[in-house]
Amino acid sequence: MAKQDRRKVTSPEQDRACAFGIFRSIGLSEDEAFRKADEVYSAACSDNFERKRSGLIPHGRSHRIAFGKHRGRSLEEISRRDPTYMRWLAELPHRSTRFRNIVRDYFDRTASR
């Protein structure tokens, strides 16, 4: 049986609590640690919203998909393993033109290899 890929997923609230602890441990006052932790929380919420809205997660020079049966996998990996799924992604009418163009670009790059 193949080993499942289990990534630890944290919520923005957990990120805020962790950030608060880190900021306190490096000597920031409680007020300053709360303020900085709130900045981390706001950034995490904004990032999560953008991921859900776009459907793509930037990952270095690549992208990962944020939904569906291949959630968390890179577009390059999906285009090698499941080209039919990539074709389907590229034609999703409810996704943005940018999304469809990025998917097509990855699909074309791997198809030409």
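Before reading on, note that the structure itself is shown above.
So, here's what we can say about the structure. (Residues numbered from 1 in each chain as written. Predicted model: local features only at pLDDT ≥ 70, side-chain atom pairs only at ≥ 80, totals over all residues. Heavy atoms only, no water.)

1. Quick look at the packing of aromatic side chains
Phase 1: Under the criterion given, the structure shown has three aromatic pairs.
Phase 2: Each ring, one from Phe67 and one from Phe99, has its centre 6.1 Å from the other, and the planes form 35 degrees; the classification is tilted. In this pair, Phe67 is assigned in the loop between strand E2 (62-65) and helix H3 (75-81) and Phe99 in helix H5 (residues 97-111), connecting sequence segments 32 residues apart.
Phase 3: Look at Phe99 and you get buried, because its relative accessible area is 1%.
Phase 4: Taken together, a centroid distance of 5.4 Å and an interplanar angle of 35 degrees make the contact between Tyr85 and Trp88 tilted. Residue Tyr85 and its partner Trp88 are located together in helix H4 (residues 83-90), separated by three residues, close to a single helical turn. (Phe/Tyr/Trp six-rings, centres within 6.5 Å; stacked < 30°, edge-to-face > 60°. Helix = DSSP H or I, 4+ residues; strand = E, 2+ residues; numbered from the N terminus. Buried < 20%, exposed > 50% of the residue type's maximum accessible area, 1.4 Å probe, protein only.)

2. Describing the packing of H4 against H5
Phase 1: Where H4 meets H5, the closest approach of the two axes is 8 Å, and the angle between their N-to-C directions is 155 degrees. The orientation of H4 relative to H5 falls into the category roughly antiparallel. The two elements H4 and H5 meet at a crossing, and its hand is left-handed. Along the contact surface, H4 presents Pro83, Met86, Arg87, Leu89 and Ala90, while H5 presents Phe99, Arg100, Val103, Arg104, Tyr106 and Phe107.
Phase 2: Its residues assigned to classes, the contact of H4 with H5 shows eight nonpolar, no polar and three charged. (Axes fitted to C-alpha atoms, helices over the stretch in contact; angles between N-to-C directions. Parallel < 35°, antiparallel > 145°, perpendicular 65-115°, else oblique. Left-handed = near helix turned anticlockwise from the far one by under 90°. Contact = heavy atoms within 4.5 Å. Nonpolar A, V, L, I, M, F, W, Y, C, P; charged D, E, K, R; others polar.)

3. Regarding H5
Phase 1: Compared with the 21 Å implied by 1.5 Å per residue over 15 residues, the 21 Å span of H5 between its first and last C-alpha is a close match.
Phase 2: Phe99, Arg100, Ile102, Val103, Tyr106, Phe107 and Thr110 are the residues of H5 that are buried. Buried residues of H5 fall within an arc of 160 degrees about the axis and therefore sit on the same side. (Expected span 1.5 Å × (residues − 1). Arc of directions from axis to C-beta.)

4. Some thoughts on the environment of Val103
Phase 1: One can find Val103 in helix H5.
Phase 2: The buried category is assigned to Val103, whose relative accessible area is 0%.
Phase 3: The spatial distance from the C-alpha of Val103 to the C-alpha of Glu91 is 9.3 Å, given a sequence separation of twelve residues.
Phase 4: Each residue touching Val103, except ones within four places of it in the same chain, is listed here: Leu75, Met86, Leu89 and Ala90.

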